[in-house]
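Chain by chain, the residues:
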Amino acid sequence: MFTKLNHLMSKIPSSSRILLAMMIGLVLGSLSSYVYVGVNELANAFVMLLQMTALPYIALSLIVGIGSLSPLKVTNTLKITLIILMALLAVVITFILLAPISFPSWKSADFYSLNTISTTPEFDIISLFIPTNPFYALANGLIPSVVLFSIFMGIGLMQVKVKKHTLSVLNGLNKAVVNVSSMVMRFAPVGIFCIAQRAAATINSEQLDGLQVYIVTAAVLVFLLTFIVLPAIVATITPFSYRQILKSTREAMITAFATGSFFIVIPIIVEQMKRLIEQMPSAENGNKTIKADVSNMPSIIVPISFSLPVGGKLLALLFTLFAAWFSGSQVNSSDYLQLLVAGIPQLFGTTTLAIPNLLDIFNVPSSLFDLFLVAENIIVGRLSALLSVIFSVSLVLLIATSMLKKFTFKWRSFSLYLTILPIISIVAFVALRFTFDAITYQYQGYSKFIKRDFMLLDVKAKVLAEPELSVDKTMLNLPVLARITQRGFIRVGYFRDDLPYSFHNNEGKLVGFDIEIINLLADDLGVSIEFVRIYHNQAKQLLSSGYLDMTTGMPVTPKNMKKYTLTVPYSSQTMAFLVKEERRKEFTDWQNIFAQEDLIIGIPEIFYSENLVRRYFKNATAWEISTPRLFFKEKYQHIDAMLFGAATASAWTLINPEYTVIVPKPARPELSMAFAINTDDNAFEIYLRNWIFMMQKNYTIDQLFHYWIAGKKPNTFLDLSKKANVQETSHAK
């Protein structure tokens with residue numbers, strides 16, 4: 001029985017088996033959120049085995065391919081390659097710039113993220129490409145450096161007179177790597193099944209919110225380019241048929257899509273292209289040497305294309321256009337030249353390094369980088385790998401055809417494609433636009449925010465709308481800890497309009513980052529809580545009188561340090577501006593802001609500090625406002641921007657999505673946050689100092705920060721053993 005089944009499976013083409021395994025894995029994974037035992041390990045092992053051969057293959061292929069050429073041939077090949085490369089780039093970029101036709105008119109805002117306050121690193125193309133230590137580049141997978149090193153080694157070997165033996169040895173090593181890669185691909189159905197099952201089981205449906213437009217547009221774009229446009233162009237002007245092109249690449253495309261990596265299928269692409277090129281007859285005046293040189297082209301072109309800003313990497317430009325549209329910072333057609341000139345060089349590195357720079361160039365909120373990572377992990381990374389495969393294949397086949405002088409212009413196919421392709425493309429994007437417009441889209445940012453409830457602990461609490469001063473005054477002179485224990489509850493003042501640290505959710509319940517921290521404090525003290533809503537100008541008197549035991553957090557500024565007794569900081573904040581979307585560009589640089597004389601800046605009273613305003617706002621006018629809520633009212637529209645904490649400002653954009661958060665450059669030191677406590681009570685101050693330190697060390701405050709400030713799901717961050725989840729320890733308010 002097993003022998004018959006094995007015989008039957010051997011008759012099925014490898015690509016079909018891989019595709020079947022991927023579909024079964026996706027179906028099983030979608031039916032259950034459980035990743036089967038051993039699946040995660042097998043998936044990781046398969047990807048690592050593919051990666052094991054890819055980098056040695058790239059280096060050896062480039063050295064052998066270039067080293068076997070003569071200097072004259074290199075010059076001719078380079079000219080041909082550049083012309084064809086620019087032509088293919090123009091085709092792909094044209095489609096990317098047309099894609100925004102499909103974007104509808106939606107509004108959006110999101111929770112705070114560390115990317116909101118991150119500074120964009122300098123893009124250093126020199127260190128990216130020039131390897132000071134080639135062995136370090138090989139060991140750490142620095143692909144551009146490895147490619148450039150291999151190219152130079154190939155050029156050096158090309159000029160060696162007696163190089164036959166060296167080429168023979170290197171070629172033998174390269175074939176050994178190919179054999180290893182072929183051995184690994186025998187297990188591809190099992191590996192792809194595991195990858196697909198894991199991916200389908202672990203996808204969070206909530207991650208798709210707000211990304212449908214980008215994902216669907218990218219999918220349509222990649223489908224058009226991969227299966228219609230690029231194969232049609234190659235089939236029109238080369239001896240290869242449309243069917244031949246797709247058939248020879250399907251195994252590489254399926255594997256690249258399943259793994260989300262173009263890098264690991266480079267050996268597969270090279271070998272398939274060599275076989276396809278060998279089927280081409282030589283030119284009549286050609287010879288075997290020319291045919292041999294052409295057969296080496298895949299070994300050179302495909303590895304180099306991995307490091308070039310081509311293929312799937314260009315989808316980063318599409319994401320920039322999407323992010324600008326999504327945030328309200330439109331990139332107009334007049335900005336397209338800047339996008340290409342500034343954007344394409346960024347893509348010599350990885351897209352994860354390029355995207356923050358591209359967003360920064362067009363003043364798009366850097367927090368949208370989170371959306372890019374989510375989309376990449378869900379499916380766009382796989383689409384990118386798919387596009388990279390067909391791009392490199394098209395480049396190789398066009399160069400090989402040119403070198404063999406076998407260009408054959410098929411007029412019938414050309415006239416058909418010239419008519420159909422533009423129509424299909426425009427109709428696809430316009431249809432997407434109508435589809436998106438027809439979707440009943442409802443902004444969900446405010447809903448997600450206002451429906452939040454406690455994550456860890458809900459302590460019994462009473463909430464007062466204002467202070468009740470008719471209390472037992474006999475306890476006011478007791479030490480705070482004794483007073484709390486005797487009365488059975490801790491009395492805490494909370495400030496109005498202090499999103500997302502203290503606010504009432506959709507059920508009228510007092511919740512928030514600070515509120516849940518105090519819940520934990522009360523639980524450790526073994527008491528309940530009485531929350532009292534107060535104004536900032538009431539806090540000092542209510543604390544010093546003994547009525548309040550503490551308040552929720554406030555910034556550690558010279559003004560507040562002089563006025564209150566503050567605990568050690570439990571969090572920190574980065575200062576930012578809250579502005580209307582269309583005025584984003586005016587607030588990206590501190591120096592420009594301070595230099596403007598006609599600006600009016602609103603500063604909530606808890607952040608207002610006379611000496612800091614006098615020190616920095618010499619030209620602009622700074623207004624102290626009692627609550628940030630005033631900034632959004634019609635009466636206060638003359639205020640150009642509000643200076644606020646980045647996390648708090650992000651929460652206000654969830655309520656007012658037409659506004660955005662801007663952190664100007666250069667980055668300024670963070671401002672610490674602390675609780676105000678009863679004056680002259682050292683015992684309570686020491687208790688809170690040690691308690692806050694304990695809650696920071698066991699990552700409890702980190703968990704609450706991720707939940708209340710960054711809007712993450714609770715179960716994502718409860719595993720404290722995963723230190724990666726605790727790297728966002730720079731708390732901001």
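Residues numbered from 1 in each chain as written. Predicted model: local features only at pLDDT ≥ 70, side-chain atom pairs only at ≥ 80, totals over all residues. Heavy atoms only, no water.

Asker: I keep staring at a nonpolar patch on the surface and nothing clicks. Help me out?
Answerer: On the surface, Leu49, Met52, Val180 and Met183 cluster together into a nonpolar patch covering about 330 Å² of accessible area. When contributions to the nonpolar patch are tallied by element, the ones reaching two or more residues are α3 (39–67) and α9 (164–185). Mapping Met52 onto the fold places it in helix α3. (Patch = residues over 30% accessible without salt bridge, like charges linked within 9 Å, V, L, I, M, F, W, Y side chains within 5 Å. Areas by Shrake-Rupley, 256 points an atom, 1.4 Å probe, with all protein chains shown as cover. Salt bridge = Lys/Arg side-chain N within 4 Å of Asp/Glu carboxyl O. Helix = DSSP H or I, 4+ residues; strand = E, 2+ residues; numbered from the N terminus.)

Asker: Before we go on, may I ask you to explain the environment of Ala54 in this structure?
Answerer: Along the chain, the position of Ala54 falls in helix α3. Judged by its relative accessible area of 0%, Ala54 falls in the buried class. As a C-alpha pair, Ala54 and Pro267 span 213 residues in sequence and 6.6 Å in three-dimensional space. Beyond its immediate stretch of four places on either side in the chain, Ala54 contacts Phe263, Ile264 and Pro267. (Buried < 20%, exposed > 50% of the residue type's maximum accessible area, 1.4 Å probe, protein only. Contact = heavy atoms within 4.5 Å.)

Asker: When you look at the packing of aromatic side chains in this model, what are you seeing that I'm missing?
Answerer: By the definition in use, this model includes 18 aromatic pairs. Judged by centre distance (6.1 Å) and plane angle (80°), the ring pair of Phe503 and Trp708 falls under edge-to-face. Residue Phe503 is located in strand β3 (residues 503–504), and its partner Trp708 is located in helix α29 (residues 700–709); the two are separated by 205 residues in the primary sequence. Note on accessibility: Phe503 and Trp708 belong to one class, buried. Judged by centre distance (5.5 Å) and plane angle (40°), the rings of Phe577 and Phe587 are tilted. Of this pair, Phe577 sits in strand β9 (residues 575–580) while Phe587 is found in the loop between β9 and α25 (590–595), placing the two residues ten residues apart along the sequence. Note on accessibility: Phe577 and Phe587 belong to one class, buried. Taken together, the ring pairs in this structure connect Tyr501, Phe513, Tyr570, Phe675 and Phe705 into an aromatic cluster. When the ring centre of Tyr707 is taken as reference, the NZ or CZ atom of Arg452 above it lies at 4.2 Å. (Phe/Tyr/Trp six-rings, centres within 6.5 Å; stacked < 30°, edge-to-face > 60°. Lys NZ or Arg CZ within 6 Å of the ring centre and 35° of its normal.)

Asker: Sorry, what's going on with the pairing of strand β2 (residues 489–495) here?
Answerer: For a regular strand, side-chain orientation follows a simple rule: the groups alternate between the two sheet faces. Most of β2 sits out of view: seven of its seven residues are buried. Of the two faces of β2, the one lined by Phe489, Arg491, Gly493 and Phe495 and the one lined by Ile490, Val492 and Tyr494 are each fully buried. Bridging between β2 and strand β6 (residues 550–555) involves two bridges; their strand directions are parallel. Within β6, the position partnered with Val492 by the bridge is Met550. (Pairing = 2+ DSSP bridges.)

Asker: Just to check I follow, could you spell out the pattern of salt bridges for this structure?
Answerer: One side chain can pair with another of opposite charge once the charged atoms of both are near each other. What the rule picks out here adds up to six salt bridges. Among the salt bridges present, the one from Glu530 reaches Arg491, with a minimum N-O distance of 2.7 Å. In this pair, Glu530 sits in strand β5 (residues 528–534) while Arg491 sits in strand β2, placing the two residues 39 residues apart along the sequence. In this structure, Glu530 and Arg491 share a single accessibility class: buried. A network of salt bridges, in which partner residues are shared, links Asp453, Asp458 and Lys509.

Asker: Would you mind going over empty space enclosed by the protein with me for this structure?
Answerer: The rolling of a water-molecule-sized probe over the atoms marks out the regions of remaining empty space. As enumerated under the stated definition, the model contains four cavities of 30 Å³ or more in all. Around the largest cavity, the lining is made up of 15 residues, and of these Asp497, Asp498, His536, Ile606 and Phe607 lie nearest the centre. The residue makeup of the lining of the largest cavity, split by class, is six nonpolar, four polar and five charged. (1 Å grid on protein atoms, 1.4 Å probe; cavity = no way out; pocket = protein on both sides within 12 Å on 5 of 7 lines; lining within 4 Å. Points joined across faces, edges and corners; volume = space filled by probe spheres on them. Nonpolar A, V, L, I, M, F, W, Y, C, P; charged D, E, K, R; others polar.)

Asker: Mind showing me how you'd approach the confidence of the model for the protein chain here?
Answerer: It should be kept in mind that the predicted coordinates are not to be read in detail where pLDDT is low. Confidence in the prediction for the protein chain averages 78 pLDDT; 83% of positions are at 70 or higher. Of all the helices and strands in the protein chain, helix α5 (residues 114–117) carries the lowest mean pLDDT, 48, while β5 carries the highest, 93. (pLDDT = per-residue confidence, 0-100.)

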